[in-house]
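Analysis of the macromolecular model
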Amino acid sequence: ERNRLTTMRQVQAAAVELFDDEGFDAVTVEHIAERAGVSPSTIYRHFGTKEALVLWDERDGVADAELTARLGHQPIVEAFRDSVVVALAERDDLDLFARRLRLIYAQPSIWRAAAEDDLRNRGELAVAFAAVDGRRRARLGDEVQAATCLAALDVALERWQRPKQRATLTTLITEAIDATT
């Protein structure tokens with residue numbers, strides 16, 4: 001597992017560097033594989049698509065675990081906010097994260113893939129919110145609350161990745177999500 005994560009980090013870093021230097025559409029999986037020192041099949045096996053190279057975030061599991069631990073002990077929006085802050089703002093690769101976000105917001109195909117991920121995440125989040133009340137199915141209110149939380153996070157991330165942004169990621173996430181209540 002450790003070797004797999006190391007390889008995925010290495011491939012992602014090589015891909016982002018190439019995308020920044022040459023443009024997303026100009027870079028091939030073969031070129032990324034050569035730069036990362038792996039085979040193209042390794043890239044396809046771990047990521048599937050070029051878009052997923054940018055979207056993959058090993059910290060996603062941290063957010064899920066934090067949210068699971070907090071739900072039922074904190075109000076839902078606060079639990080979401082605090083789990084996202086732990087997962088995103090307290091990371092050691094903020095430069096790479098910002099570069100990935102810039103690619104997401106600049107490249108339509110990555111943005112579309114991110115929107116599809118967001119839709120899946122909204123459904124999963126709504127079910128988690130419903131479970132706080134002992135329900136197995138999400139109601140409209142759960143879906144709206146999940147969508148609102150994710151939209152606030154998106155606004156914070158989009159603002160943070162801007163070149164002249166001075167606010168910290170923690171500050172922007174906190175302010176954006178707190179603005180939903």
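Just above, that's the structure.
Since the model is a prediction, treat every value here as computed from it, not as a measurement.

**Considerations on helix H1 (residues 2–22)**
- Taking 1.5 Å of rise per residue, the 21 residues of H1 would be expected to cover 30 Å, and the 30 Å separating its terminal C-alpha atoms lies within 8% of that figure.
- For H1, the full list of buried residues reads Met-8, Val-11, Gln-12, Ala-14, Ala-15, Val-16, Leu-18 and Phe-19.
- The inward-facing, buried residues of H1 abut helix H2 (29–36), helix H3 (40–46), helix H4 (50–55) and helix H7 (94–106).
- Downstream of H1 by a residue or two, Gly-23 has a phi angle that is positive, lying close to 95°.

**Regarding the environment of Glu-175**
- Looking at the element boundaries, Glu-175 is found in helix H10 (residues 169–178).
- Sequence-wise, Glu-175 and Leu-140 are 35 residues apart; in three dimensions their C-alpha atoms are separated by 25 Å.

**Considering the nonpolar core**
- In this structure, Phe-19, Ile-32, Phe-80 and Ile-173 are the most contacted members of the largest nonpolar core, which totals 55 residues.
- Mapped onto this core, the elements with two or more residues apiece are H1, H2, H4, helix H6 (76–89), H7, helix H8 (108–132), helix H9 (140–160) and H10.
- Setting aside anything within four residues of it in sequence, one finds Ile-173 in contact with Arg-81, Val-84, Val-85, Leu-88, Leu-153 and Ala-156.

**Quick notes on the environment of Leu-150**
- Mapped onto the fold, Leu-150 is located in helix H9.
- Spatially, the C-alpha atom of Leu-150 lies 8.6 Å from that of Ile-177, the residues being 27 residues apart in sequence.
- Setting aside its immediate chain neighbours within four residues, Leu-150 contacts Phe-80, Asp-118, Asn-121, Arg-122 and Leu-125.

**Side note on the packing of aromatic side chains**
- Under the definition given, this model contains four aromatic pairs.
- The interplanar angle of 35° and the centroid separation of 5.8 Å between the aromatic rings of Phe-97 and Trp-160 together place this pair among those described as tilted. Of the two residues, Phe-97 is situated in helix H7 and Trp-160 in helix H9; the sequence distance between them amounts to 63 residues.
- Seen from their ring centres, Tyr-105 and Trp-111 are 5.3 Å apart, and the 40° between their planes marks the pair as tilted.
- In this structure, Lys-50 is placed above the aromatic ring of Phe-24, and the distance from its NZ or CZ to the ring centre is 4.5 Å.
- We note Arg-91 situated over the ring of Phe-97; from NZ or CZ to the ring centre the distance is 4.2 Å.

Rules of the game
- Residues numbered from 1 in each chain as written.
- Predicted model: local features only at pLDDT ≥ 70, side-chain atom pairs only at ≥ 80, totals over all residues.
- Heavy atoms only, no water.
- Helix = DSSP H or I, 4+ residues; strand = E, 2+ residues; numbered from the N terminus.
- Expected span 1.5 Å × (residues − 1).
- Buried < 20%, exposed > 50% of the residue type's maximum accessible area, 1.4 Å probe, protein only.
- Contact = heavy atoms within 4.5 Å.
- Core = buried A, V, L, I, M, F, W, Y, C linked by side-chain atoms within 4.5 Å.
- Phe/Tyr/Trp six-rings, centres within 6.5 Å; stacked < 30°, edge-to-face > 60°.
- Lys NZ or Arg CZ within 6 Å of the ring centre and 35° of its normal.

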